[in-house]
Amino acid sequence: MRTLTYLVACSLDGFIGDPAGDASSMFRFLDEEYVGYLATEYPETLNTEGRRMVGIADAPNKHFDTVIQGRASYQLGVDAGLPSPYGHLREIVASRTMTASPHPHVEIVSDDLTARVRALKAEEGPLGIWLCGGATIAGQLIDEIDELVIKSYPQIYGTGMPLFGGVPFGVMDFALQDTRAFGNGVVIRRYGRKR
């Protein structure tokens, strides 16, 4: 069984973006040490252009072979001229409003995302599935998430887009597996789901 990992950046108070979903204030923390770590440990999480810029365009994927994004997260790439922002991965976009994919490499899932994720998890293969972003789809898929990798940036937003949207109260336990701190104040924490 393959795993679904929600690997996401957030503020110290648990927001992945401002009320409109913008997280560009976090970009200033992309220094040499931090980007070097991401390029080495999670190369597949850098988009195609980012991989080219740091000289790892052909680096093999280490953790994931598939990425799932919400429509808003995906639209950022489209707006930047990248209709296939993660061409080195199988790309899936969850959207109820997109009727056709703007790129042949991108699959649009408009209904029953949970069933699609369960089918992906049931596939054979050594690599997992990366849930890239979208508070709404993270909330929708919360029961399917096996691992959290949270990149905490040293900022307080006060309000904004939460890590998980639309989730009713219910305690779900995770176990801390490792932590990595950087000189710029970013801390990456990896948790495994306790089932």
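Please refer to the structure higher up on the page.
Per chain, residue numbering runs from 1 following the sequence as it is written. The predicted nature of this model means local features are confined to residues of pLDDT at least 70 and side-chain atom pairs, given and counted, to a pLDDT of 80 or more, with totals for whole chains, interfaces and linings taken over all residues. Water and hydrogen atoms were dropped before computing side-chain values, which therefore reflect all heavy atoms in the structure.

## Quick notes on the overall build of the protein chain
The following threshold applies: A run of H or I in DSSP becomes a helix once it reaches four residues, and a run of E becomes a strand once it reaches two; helices and strands are each numbered from the N terminus. Atoms counted for the radius of gyration: C-alpha only. Globule rule: 2.2 Å times the number of residues to the power 0.38. Buried residues are those whose accessible area, probed at 1.4 Å on protein chains only, stays under 20% of the maximum for their type, while exposed residues exceed 50% and partly exposed ones sit between those limits. Each accessible area value is a Shrake-Rupley result obtained with a 1.4 Å probe; residue values ignore everything except the protein chains displayed when judging cover. When charges are counted, Lys and Arg are positive and Asp and Glu negative, with His and the chain ends excluded. Every charge is mapped onto a representative atom, which is NZ of Lys, CZ of Arg, CG of Asp or CD of Glu.
For the protein chain, the helix and strand inventory stands at five helices and 10 strands. The globule rule puts the C-alpha radius of gyration for 195 residues at 16 Å, and the 16 Å found for the protein chain is close to it. Along the first, second and third principal axes, the C-alpha set of the protein chain runs to 40 × 40 × 35 Å. Across the 195 residues in the protein chain, those meeting the buried criterion constitute 46%. Split by element, the accessible area of the protein chain, about 9700 Å² in all, is 54% carbon and sulfur. In the protein chain, 18 positive and 24 negative side-chain charges are present, and the distance between their average locations comes to 3 Å.

## A word on the side chain of Glu144
Quick reminder of the rule: Any two residues having at least one pair of non-hydrogen atoms within 4.5 Å are treated as being in contact.
Among the structural elements, Glu144 can be located in the loop between helix H5 (135-140) and strand E7 (147-153). Filtering out sequence-adjacent residues up to four positions away, Glu144 remains in contact with Leu4, Thr114, Val117, Arg118, Lys121 and Arg195.

## A few points about the pattern of salt bridges
Applicable threshold: A carboxyl oxygen of Asp or Glu within 4 Å of a side-chain nitrogen of Lys or Arg is what we treat as a salt bridge.
This structure, assessed with the given rule, holds 12 salt bridges. A salt bridge links Asp65 to Arg2; its shortest N-O distance comes to 2.8 Å. One end of the pair, Asp65, is in strand E3 (residues 64-70); the other, Arg2, is in the segment before strand E1 (4-11), and 63 residues separate them in sequence. With relative accessibility at 24%, the residue Asp65 sits in the partly exposed group. A relative accessible area of 3% places Arg2 in the buried class. Salt bridges sharing common partners tie together Arg118, Lys121, Glu144, Asp146 and Arg195.

## Details of the sheet that holds E1
Heads up, the condition is: By this definition, two strands are paired if DSSP reports at least two bridges between them. Helix axes are fitted to C-alpha atoms over the stretch in contact, other axes to C-alpha atoms as well, and angles between N-to-C directions run from 0 to 180 degrees.
Reading across the sheet, the eight strands line up as E5-E4-E3-E6-E1-E7-E10-E9 and stay open at both edges, with mixed pairing between neighbours. The open sheet terminates on both sides in strands that have one partner only, identified here as strand E5 (106-109) and strand E9 (174-181). Put simply, the sheet's adjacent strands are angled 25 degrees from each other on average, direction ignored. Note that E9 and strand E10 (residues 187-193) share seven bridges and pair antiparallel. Within E10, the residue paired with Thr179 across the bridge is Arg189.

## Re helix H4 (residues 113-122)
Just so we agree on the cut-off: The arc in question is the one spanned by the directions pointing from the helix axis to the C-beta atoms.
Among the residues of H4, Leu113, Thr114, Val117, Leu120 and Lys121 are the ones counted as buried. Mapping the buried residues of H4 onto a view down its axis gives an arc of 120 degrees, with all of them on the same face. Contacts made by the buried residues of H4 are with E1, E3, strand E4 (90-94), E5, strand E6 (128-133) and H5.

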